[in-house]
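What the coordinates show
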Amino acid sequence: MLTAFALAAAGFLAAGPPAAAADADLVRNGGFEAGLDGWSCSAGSGAVVTTPVHSGSSALRATPAGQDNARCSQSVTVKPDSSYTLAAWVQGAYVYLGASGTGTTDVSAWTQTPGAWKQLTTTFRTGPSTTSVTVYTHGWYGQPSHLTDDLTLVGPDPGGPGQPQPPAAPTGLTASATSSSSVSLNWSAVPGATSYTVHRDGAAPFSVTSAPAPVTGLAASTTYTFRVSAVNAAGESPKSAPASATTTGGGGGGGGLPAHALVGYLHASFANGSGYVRMADVPASWDVVNLAFGEPTSVTSGDIRFRLCPVAECPNAESEAEFKAAIKAKQAAGKKVLISIGGQNGQVQLATTTARDAFVSSVSKIIDDYGLDGLDIDFEGHSLSLATGDTDFRAPTTPVIVNLISAVRTLKARYGPDFVLTMAPETFFVQLGYQYYGSGPWGGQDPRAGAYLPVIHALRDDLTLLHVQDYNSGSIMGLDDQYHSMGGADFHIAMTDMLLTGFPVAGNTARVFPALRPEQVAIGLPATTNAGNGHTPPAEVNKALDCLTKKQNCGSYQTHGTWPGLRGLMTWSINWDRFGGWEFSRNFDGYFGG
């Protein structure tokens with residue numbers, strides 16, 4: 001069936017005829033350098049990648065799924081009764097290139113051979129009254145993803161009296177910093193423009209419908225330069241004159257941490273095979289101590305309780321008075337002590353405003369009773385998931401997400417700018433969002449996929465540290481569109497690069513999760529092989545740090561930057577590190593000179 005259909009396609013694999021002197025390439029963004037601007041892909045199947053490419057810095061990757069063949073198309077204005085040559089470079093099996101609505105015979109070309117880049121080309125003549133055609137590329141059902149780059153439609157330019165023209169370049173562009181991580185852009189509206197593309201040096205362009213346009217995910221105290229172009233059906237204007245702005249300093253709840261911090265969880269409320277560690281016996285290497293765990297009275301109550309491990313379970317446990325005194329001593333030495341909520345067994349679902357308010361009240365009581373510095377959110381399992389139809393991480397609607405964001409903001413406002421806020425999500429809830437978000441546009445996906453992204457994004461200006469658990473994880477696709485597995489430097493490099501670069505959520509380049517600042521990011525690892533799957537030997541940990549902070553020892557993965565300000569490491573746990581002879585913390589001290 002496939003072969004019969006393919007052989008019937010009116011196309012071929014060859015070089016097209018040369019263009020006439022007056023001909024022009026009429027496709028907008030055929031090299032995908034401006035993301036998917038100008039293109040429409042069925043079922044969200046298309047995404048722009050930076051490798052491999054045929055030329056330039058970007059290409060289209062489209063992935064068939066189910067009954068969708070990953071068709072990406074663009075409507076192009078043409079001249080009636082004229083000859084055109086359609087061409088593109090493709091990579092993959094059963095990749096098609098075609099044109100419909102020609103007014104004569106619609107055409108297509110295809111290749112069934114994967115491997116190196118190949119050029120597809122075909123020609124057609126428009127009908128006597130045809131003024132627009134649709135050019136497209138697609139794959140085939142059940143086939144892997146395919147690549148397209150340098151797509152062109154060359155022929156007579158339809159420009160002239162009565163024909164659509166690209167808009168003029170925007171004027172009056174201004175840029176002003178609105179926080180330590182965001183800038184607002186404004187410019188004069190351009191007649192005939194239907195959208196605008198924002199360009200920033202070193203970042204992928206993105207599309208907006210009008211001014212003003214917020215730009216988020218920027219680094220503090222950094223100068224950025226922007227340009228804007230106007231877009232309509234006829235094409236894109238030249239870029240505007242540049243405008244620059246410098247973000248403000250601070251922000252993000254830095255919490256008074258050292259430049260490179262070591263974060264660990266202390267088994268304060270339970271016993272396991274790692275042994276109990278008294279608060280006073282936690283070594284000075286640990287800059288942030290997260291008390292594990294505060295847990296809810298029921299999954300949906302929002303009422304969080306914390307108790308010290310009873311002597312019956314932990315014979316060497318200190319008294320509550322001794323525990324509180326040890327916390328004060330740690331704080332006097334410049335350390336931070338937080339209550340961590342959740343954990344593997346502490347499912348928390350703030351599905352109602354009543355649960356939200358109970359969460360705020362009960363967490364505040366714990367912080368006040370023990371004199372703590374802040375909160376760590378370690379929601380795992382089924383605590384966070386996205387309701388069907390909640391598809392935009394920038395504007396969540398799911399109650400458990402919205403109520404958690406509201407509760408944390410209330411706590412931050414109550415305790416002020418020194419309140420330390422950290423999060424410890426699993427990769428499934430963060431980096432997996434590069435491929436999948438919630439149940440997806442058609443349903444059927446795991447609704448937990450990427451579910452932490454709206455929480456992180458909404459609280460990014462209050463967030464002190466995000467330390468994703470790079471363990472107990474399946475293989476995750478990185479920004480190189482390759483799968484990476486835990487246990488070695490490569491996994492930590494790829495996962496951290498995603499946080500520090502930003503990424504399109506579920507492949508949608510119109511919904512990019514902005515980069516976090518390097519001082520907001522630490523790498524989460526298990527302290528020993530007993531602590532969790534994916535233990536990484538110290539030499540591999542150091543390779544990851546070398547790559548991310550110095551761009552050395554990177555192996556095959558190419559990061560999108562170098563971040564000497566990366567905050568540090570987190571581990572599960574202080575107890576397991578002691579069990580392992582303090583190997584993890586000693587390696588951290590040796591690397592950062594502690």
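Look up: the structure comes first, before these words.
A brief report on the enclosed structure follows.

Cut-offs used in this document
- Residues numbered from 1 in each chain as written.
- Predicted model: local features only at pLDDT ≥ 70, side-chain atom pairs only at ≥ 80, totals over all residues.
- Heavy atoms only, no water.
- Helix = DSSP H or I, 4+ residues; strand = E, 2+ residues; numbered from the N terminus.
- Expected span 1.5 Å × (residues − 1).
- Buried < 20%, exposed > 50% of the residue type's maximum accessible area, 1.4 Å probe, protein only.
- Contact = heavy atoms within 4.5 Å.
- Core = buried A, V, L, I, M, F, W, Y, C linked by side-chain atoms within 4.5 Å.
- Pairing = 2+ DSSP bridges.
- Axes fitted to C-alpha atoms, helices over the stretch in contact; angles between N-to-C directions.

1. Section: helix α7 (residues 538-550)
Helix length check: α7 (13 residues) gives 17 Å between terminal C-alpha atoms against 18 Å at 1.5 Å per residue, within 8%. Listed as buried for α7 are Val541, Ala544, Leu545, Asp546, Cys547, Leu548 and Thr549. Elements in contact with the buried residues of α7: α6 (489-501), β31 (522-526), β32 (568-572) and α9 (583-592). Two residues or fewer past α7, Lys551 is found with a positive phi of approximately 55°.

2. Regarding the environment of Val49
Tracing the backbone shows Val49 in strand β3 (residues 46-49). A relative accessible area of 2% places Val49 in the buried class. Between the alpha carbons of Val49 and Ala59 there is a distance of 5.5 Å; along the sequence they are ten residues apart.

3. With respect to the nonpolar core
Ranked by internal contacts, the top residues of the largest apolar core, which has 108 residues, are Leu291, Phe359, Leu375 and Met423. Here the element with the most residues in this core is α6; it accounts for eight residues. In contact with Leu291, not counting residues within four places along its chain, are Leu266, Ala268, Met279, Phe306, Phe323, Val337, Leu338, Ile339, Ser340 and Leu372. With 28 residues, the next largest nonpolar core counts Cys41, Ala70, Tyr84 and Val90 among its residues.

4. Points about the sheet that holds strand β13 (residues 183-186)
Strand order in the open sheet formed by three strands is β12-β13-β16, with antiparallel pairing between adjacent strands. Only two strands of the sheet have a single neighbouring strand rather than two, namely β12 (174-177) and β16 (213-215). Direction aside, the axes of adjacent strands within the sheet are offset by 25° on average. Across four bridges, the pairing between β12 and β13 is antiparallel. By the bridge assignment, Thr174 is partnered in β13 with Asn186.

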